[in-house]
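# Structural characterization, general
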Amino acid sequence: MVSEQNYKAAHALRSPSVSIGAARLGMMCQSLEISADNQLWAELSQMINQIESEYRNVVKFITAYVSWGSKKEGESTR
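Residues numbered from 1 in each chain as written. Predicted model: local features only at pLDDT ≥ 70, side-chain atom pairs only at ≥ 80, totals over all residues. Heavy atoms only, no water.

### Concerning the overall build of the protein chain
Scanning the protein chain for helices and strands turns up three helices and zero strands. Moving toward the C terminus, one meets the helices and strands of the protein chain in the order α-α-α. When each of the 78 residues of the protein chain is scored for burial, the buried share is 23%. Relative to all contacts within the protein chain whose residues are 6 or more apart in sequence, the contacts with residues 24 or more apart total 49%. (Helix = DSSP H or I, 4+ residues; strand = E, 2+ residues; numbered from the N terminus. Buried < 20%, exposed > 50% of the residue type's maximum accessible area, 1.4 Å probe, protein only. Contact = heavy atoms within 4.5 Å.)

### Considering helix α2 (residues 23-35)
Between its first and last C-alpha, α2 extends 18 Å over 13 residues, near the 18 Å set by a 1.5 Å rise per residue. L25, G26, M28, C29, L32, E33 and S35 are the residues of α2 that are buried. (Expected span 1.5 Å × (residues − 1).)

### Quick word on helix α1 (residues 4-19)
With 16 residues, α1 extends 24 Å from end C-alpha to end C-alpha; this agrees with the ideal 22 Å at 1.5 Å per step. Of the residues one or two after α1, G21 is the one with positive phi, at around 95°.

### Thoughts on the nonpolar core
Of all hydrophobic cores here, the largest spans eleven residues; its members are A10, A22, L25, M28, C29, L32, L44, M47, I48, I51 and V58. Ranked by the residues each element gives to this core, the list is headed by helix α3 (residues 41-76), at five residues. If near-sequence neighbours (up to four positions away) are discounted, L32 is found in contact with N6, A10, L44, M47, I48 and I51. (Core = buried A, V, L, I, M, F, W, Y, C linked by side-chain atoms within 4.5 Å.)

### What to know about the pattern of salt bridges
Applying the stated criterion across every chain yields a total of two salt bridges. For R14, the salt bridge is made with E33, and the minimal N-O distance between the two is 2.5 Å. Within this pair, whereas R14 is found in helix α1, its partner E33 is found in helix α2, the two being separated by 19 residues in sequence. R14 gets classed as partly exposed once you look at its relative accessible area, which sits at 25%. Note on E33: relative accessible area 13%, which makes it buried. A salt bridge links E54 to R24; the nearest nitrogen and oxygen atoms lie 2.7 Å apart. (Salt bridge = Lys/Arg side-chain N within 4 Å of Asp/Glu carboxyl O.)

Dropping the structure here:
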């Protein structure tokens, strides 16, 4: 069974993920919430690892997007 802490983290991450357009991450979190009580730890651990990987991908994308936007703003003021 997944720890209460991991369940709460998945729940807390799901809605904001969808709100910023990271639908895949939101769906992965929702799957973990639904499966939390019915899966073996090895399966849940794999799901958590996949969520962490997707989270890192989202952070990289947002960081690159913000950086790109800052560069574009700097170009338009010259």
